[in-house]
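What the coordinates show
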Amino acid sequence: MKRALFAGLAVFSAVSLAVLTSATAALAQGYPSKPVTVVIPLAAGGAVDTMVRTMLDSLRATLGQPILVENMGGAGGTTGVNRVAKAAPDGYTISVGTWGTHVVNAFVYSPPYDLGKDFEPVALLPSVPHWFIARKNLPPTDMKGLVAYMKENDGKVTAASVGAGGSSAVCAYYLGKLTGTKTTLVPYRGGAPALQDIVAGNVDTMCDLAANSLSQVKAGNIKAYAVTAKKRWFAAPEVPTVYEAGAPGVEVTNWLAAYAPQGTPKDVVDKLNAAFRTAMADPAVA
Amino acid sequence: MGLEIPPPEQQTPAAFAAYLKAELDKWSAVVRESGIKAQ
């Protein structure tokens, strides 16, 4: 009797598992059957927005569905990130954001989501390092000199930041923490006005997203001391890394990534991951 | 745009999940210690 009962339970369990597995597989097999919305928690027109849009053709071709981009800035991007945290976990609403919007701002703000629990990580996307830039007439000629200059002028050297928090502020703080220096943060409404003021000589330094200020460095309007990465940035190989330049460990990379709401089936996450990987293989993206 | 593509071994969901956890652990400590808050 017991043996028959156990055998019955085993069959029931196996059937249940098979039904669940086939339901998930059916969702993944049919996915996507309608447009996929990518929420970018930043204003349109910025570097992240541009990067995602360069991937659209490839994503559309791989997934076989239109890709709708929804820019939802505000509150450091936490509004847009929260929209995806609360979306149905079906793969039709996903988010692409940066280290700043998805990591730093989770602690600078007090968002109504838990980044570690409310999302399924889909894919790590391309990254851009930060670098330490300065007005061109700031006395130090290299990173070691900048650190020494900051120590001599304790707290008097200014550092531009985008907003009160944000990646540039955290990067400036991190430099201070690892080198025993201190700067005075000068918050700006955006990266463009901050850069303008460095070019104009109104603020001393900035830990900027390297892509933002590359053209001004190349033009000689400002100087770049060091890239906050282990290896040199291919777009400006003449600029040393923080390890080479005397500020080891000050590593700050603004990477992009894609996320789906927690509970999105693994097969759907895998399909999205494959689509992003195909897009990254496109030379137009880098 | 000067973007750097992550190496293939970092492109899987599992590798990214591990990287994300490490980044959250690292920067939560740094940001909290810094006292930086949105205004």
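Look up: the structure comes first, before these words.
Below is a summary of the structure that appears in this document. (Residues numbered from 1 in each chain as written. Chains lettered and ligands numbered in written order. Predicted model: local features only at pLDDT ≥ 70, side-chain atom pairs only at ≥ 80, totals over all residues. Heavy atoms only, no water.)

**Re the overall build of chain B**
Defined as follows: Labels follow the DSSP assignment, with helices taken as runs of H or I lasting at least four residues and strands as runs of E lasting at least two, numbered in each case from the N terminus. Think of it in three bands: residues with accessible area under 20% of the maximum for their type are buried, residues over 50% are exposed, and the middle band is partly exposed, with areas taken using a 1.4 Å probe on protein chains only. For the area figures, the Shrake-Rupley method with a 1.4 Å probe applies, and any residue is considered shielded solely by the protein chains shown. Charged residues are defined narrowly, with Lys and Arg counted positive, Asp and Glu counted negative, and His plus the chain ends left uncounted. Working definition for charges: the position is that of NZ of Lys, CZ of Arg, CG of Asp or CD of Glu.
A tally of helices and strands in chain B yields 1 helix and 0 strands. Based on the C-alpha atoms only, the size of chain B along its principal axes is roughly 35 × 25 × 15 Å. When burial is assessed residue by residue, chain B has 38% of its 39 residues classed as buried. Accessible surface, chain B as shown: approximately 2200 Å² in total, 58% of it carbon and sulfur. Separation between the mean location of the 4 positive side-chain charges and that of the 5 negative ones in chain B comes to 11 Å.

**Some points on the interface of chain B and chain A**
Stated formally: Contacts are residue-level and defined by heavy atoms, with any inter-residue pair within 4.5 Å sufficient. Throughout, buried area stands for the accessible area (probe radius 1.4 Å) lost by two parts on being put together, summed over both. The working definition used for a salt bridge is a side-chain nitrogen of Lys or Arg within 4 Å of a carboxyl oxygen of Asp or Glu. A 3.5 Å cut-off defines polar contacts: any pair of N or O atoms within that distance qualifies, except that in protein one atom must be a possible hydrogen donor and the other a possible acceptor, and neighbouring residues in sequence count only when both atoms are side-chain atoms. Basically, the charged four are Asp, Glu, Lys and Arg, the nonpolar ten are Ala, Val, Leu, Ile, Met, Phe, Trp, Tyr, Cys and Pro, and anything else, Gly included, counts as polar.
Taken residue by residue, the interface counts 29 residues in chain B and 49 residues in chain A. Buried surface at the junction of chain B and chain A, both sides included, amounts to about 3400 Å², of which 70% is carbon and sulfur. In this structure, E33(B) engages K177(A) in a salt bridge whose closest nitrogen and oxygen atoms are separated by 3.1 Å. Counting the contacts that link chain B with chain A gives 8 residue pairs in polar contact (both at pLDDT 80 or more). A class-by-class count of the residues in the side of chain B that touches chain A yields 16 nonpolar, 7 polar and 6 charged.

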